[in-house]
Amino acid sequence: MANQNNTNQKVISPKLYIETYGCQMNIADSEVVVSVLQDKGYSVTEDINNADIILINTCSIRENAEQRVWGRLDVFKQIKKKNPAVKVGIIGCMAERLKEKLLEEEKIVDLVVGPDAYRELPSLLEEVDSGQKAVNVILSKEETYADINPVRLDKNRISAFISIMRGCNNMCSYCIVPYVRGAERSRDPKTILNEANDLFQKGYKEITLIGQNVDSYLWQDEEHHKSVSFAQLLESVAKISQDLRIRFSTSHPKDMSDEVLYVMAMYNNICNHIHLPAQSGSTRILEKMKRGYTREWYLDRIKAIKRILPDCAITTDLMTGFPGETEEDHQETLRLMKEVNYDLAFMFKYSERPGTYAARHLKDDVKESEKTRRLTEIIDLQNKLSEKSKREDLGKVFEVLVEGISKKSKDHFFGRNSQNKVVVFPRLNYKVGDYVEVEIIDCTSATLIGEVATKH
Ligand code: SAM
Ligand code: SF4
């Protein structure tokens, strides 16, 4: 891509290559970064060897997430050897935590920018141009990038994330997020609605409202003495169009209200799926984790979901080997899983994160081999529960939003139903972005297989 300047000379726009690790928040942040840099004339390339600037948006949540980034830096080193003019920047969660190490030990890193300083990227890149290393990892109490229209990097142009809040105030004892992403702040609902409307006008069919704890979203309009809760925001977004699906993540068990569940029940286009991370089934461990709820409270929230939204899929995050976790605590987690009957779970071994309460006060005392055994047990159980959940769908008809061509067969499409389960079915004459009624006739461990019932 080349711009023309007013003397009619060709100005070549510098090419940005961006790689993203970690959660949905990071994916959404990379889209903000591209927007900020595109405004200053940068263009995006998918070919790393063709880039003038390489940015890597990093994750710190577990040690292995950081290890992957260090591994990528070795690859960038080779690229920089061949082309010393290329600039390398580390952005996101590792920036704050590891700025000194990144700049001092990794000679190839020119730029380190934390999650609240992306507006500064153009001026920081100018500093790098003048031969200096540039750093900004200051966390903000206000920044929500509310006015920035993210440049969508997804391939299908059908589903997009909208960030509704940043940071987190919960301080779960194991978690690094509040340290690397700062305090919680909610974004102006007007800007969220504008972004959702704009996406719908551009043909998007599904948006996911994201934040670390969406249930504690709260916008306070001090001037008009009004406030907007998550339930109210969700309802306003759902009203944009029946043809726009709404999802959200992540819900927090201590804050998830019945009000949100009733709004979900009222609007067909709000998807029947709640991701409600339990972390552990043992109240003793939940207390040490500082999660702010007990096993009984969590199960009460599950009961409320099943009562108000009988067809709702429930998914979770679980962790094994938290400091002090005994075999009995682990068994309680297995019992919780069976009681809830999760449709899907993300399961991790506890990983001590420097600076957190747990790292400072609780000994990482569960042996690695024991963490692994417990993790294997919960994964094995979850595989059985996921399979059972899919078998229960046989014979049901779901509305599926078509996302693309199946990897395994070009004659089949894949999409997801409201419960967020992947469904594969014959393409016929449908296209990406259509809603199709599909009857489920079979399943594999990860996918529902169907045939077209009737068109939406
Ligand atoms: N805000 C969400 C919540 O509270 O449920 C989760 C955010 S975190 C990005 C995603 C998941 O990573 C957590 O639910 C937890 O299971 C896992 N996680 C966080 N810190 C961890 C750690 N130190 N070791 C292992 N897993 C961790
Ligand atoms: Fe981390 Fe807890 Fe905040 Fe989730 S709620 S981001 S686990 S501190």
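To be clear, the structure that these remarks concern was listed above.
This one's a predicted model, so the numbers in the text were calculated from it and none came from an experiment. (Residues numbered from 1 in each chain as written. Chains lettered and ligands numbered in written order. Predicted model: local features only at pLDDT ≥ 70, side-chain atom pairs only at ≥ 80, totals over all residues. Heavy atoms only, no water.)

### Some words on the sheet that holds strand β7 (residues 111–113)
Whenever strands of a sheet pair, they do so through backbone hydrogen bonds, lying parallel or antiparallel.
1) Next: Taken in spatial order, the six strands make up an open sheet running β4-β3-β5-β6-β7-β8, and their pairing is parallel. Sheet topology places β4 (43–44) and β8 (134–136) at the edges, where each strand pairs with a single neighbour.
2) Next: In this sheet, β8 lies alongside β7 in parallel orientation, the contact comprising three bridges. Paired with Val112 across the strands is Val135, a residue of β8.
3) Next: Strand contacts of helix α3 (residues 93–105): β5 (53–58), β6 (87–92), β7 and β8, with the helix running at about 140° to β6, the strand carrying the most contacts. (Pairing = 2+ DSSP bridges. Helix = DSSP H or I, 4+ residues; strand = E, 2+ residues; numbered from the N terminus. Contact = heavy atoms within 4.5 Å. Axes fitted to C-alpha atoms, helices over the stretch in contact; angles between N-to-C directions.)

### Considerations on the site of ligand 2
1) Next: As a matter of local geometry, ligand 2 sits amid Cys168, Asn170, Met171, Cys172, Tyr174, Cys175, Val177, Pro178, Gln212, His252 and Arg291.
2) Next: Residue composition of the shell around ligand 2, by class: seven nonpolar, three polar and one charged. (Near = heavy atom within 4 Å. Nonpolar A, V, L, I, M, F, W, Y, C, P; charged D, E, K, R; others polar.)

### Re the nonpolar core
1) Next: Of all hydrophobic cores here, the largest spans 66 residues; its most connected members are Leu209, Phe230, Leu234, Phe248, Met264 and Ile274.
2) Next: Among all residues touching Met264, those that are not within four sequence positions of it are Leu234, Phe248, Ile270, Cys271, His273, Ile274, Leu309 and Cys312.
3) Next: Among the nonpolar cores identified, the runner-up in size contains 25 residues, and Tyr17, Trp70, Val86 and Val88 belong to it. (Core = buried A, V, L, I, M, F, W, Y, C linked by side-chain atoms within 4.5 Å. Buried < 20%, exposed > 50% of the residue type's maximum accessible area, 1.4 Å probe, protein only.)

### Side note on empty space enclosed by the protein
1) Next: The final tally for this structure, using the stated rule, is one cavity of 30 Å³ or more.
2) Next: Space inside the largest cavity adds up to approximately 110 Å³.
3) Next: Lining the largest cavity we find 15 residues, and of these Ala28, Val32, Pro150, Ser163 and Arg187 sit closest to its centre.
4) Next: At four residues, helix α1 (residues 24–38) tops the list of elements feeding residues into the lining of the largest cavity. (1 Å grid on protein atoms, 1.4 Å probe; cavity = no way out; pocket = protein on both sides within 12 Å on 5 of 7 lines; lining within 4 Å. Points joined across faces, edges and corners; volume = space filled by probe spheres on them.)

### Here we look at the site of ligand 1
1) Next: Taken together, 15 residues form the shell around ligand 1, and within it Gln212, Pro277, Gln279, Asp317 and Ser351 come nearest.
2) Next: Within the backbone of Gln212, one N or O atom sits 2.8 Å away from a nitrogen atom of ligand 1.
3) Next: In this structure, Asp317 approaches ligand 1 through a side-chain N or O atom, which is 2.6 Å from an oxygen atom.
4) Next: Of all the secondary structure elements, the ones that give two or more residues to the shell around ligand 1 are β17 (313–320) and β18 (344–349).
5) Next: Residue composition of the shell around ligand 1, by class: six nonpolar, four polar and five charged. (Polar contact = N/O pair within 3.5 Å; in protein donor to acceptor, adjacent residues only side chain to side chain.)

### So, the pattern of salt bridges
1) Next: Summed over the entire model, instances satisfying the criterion amount to 42 salt bridges.
2) Next: Of the charged contacts, one joins Glu46 and Lys155 as a salt bridge, the two residues approaching to 3.6 Å between their closest N and O atoms. Taken together, the residues Glu46 in the loop between β4 and β5 and Lys155 in the loop between β8 and β9 (159–163) connect sequence positions 109 residues apart.
3) Next: Its relative accessible area of 66% is what places Lys155 among the exposed residues.
4) Next: The partner of Asp393 in a salt bridge is Lys396, and the shortest N-O contact between them spans 3.5 Å.
5) Next: Linked through salt bridges whose partners overlap, the residues forming this network are Glu325, Glu327, Glu370, Arg373, Arg374 and Glu377. (Salt bridge = Lys/Arg side-chain N within 4 Å of Asp/Glu carboxyl O.)

### Here we look at the pairing of strand β3 (residues 15–20)
1) Next: The pairing of β3 with β4 spans two bridges and is classified as parallel. Along β4, the bridge assignment pairs Lys15 with Ser43.
2) Next: Once you follow β3 into α1 and on to β4, the crossover reads as right-handed.
3) Next: Of the pairings in the sheet, the one linking β3 to β5 comprises five bridges and is parallel in character. For Glu19, the partnering residue across the bridge sits in β5 and is Ile56. (Right-handed = clockwise from strand over helix to strand, strands pointing away.)

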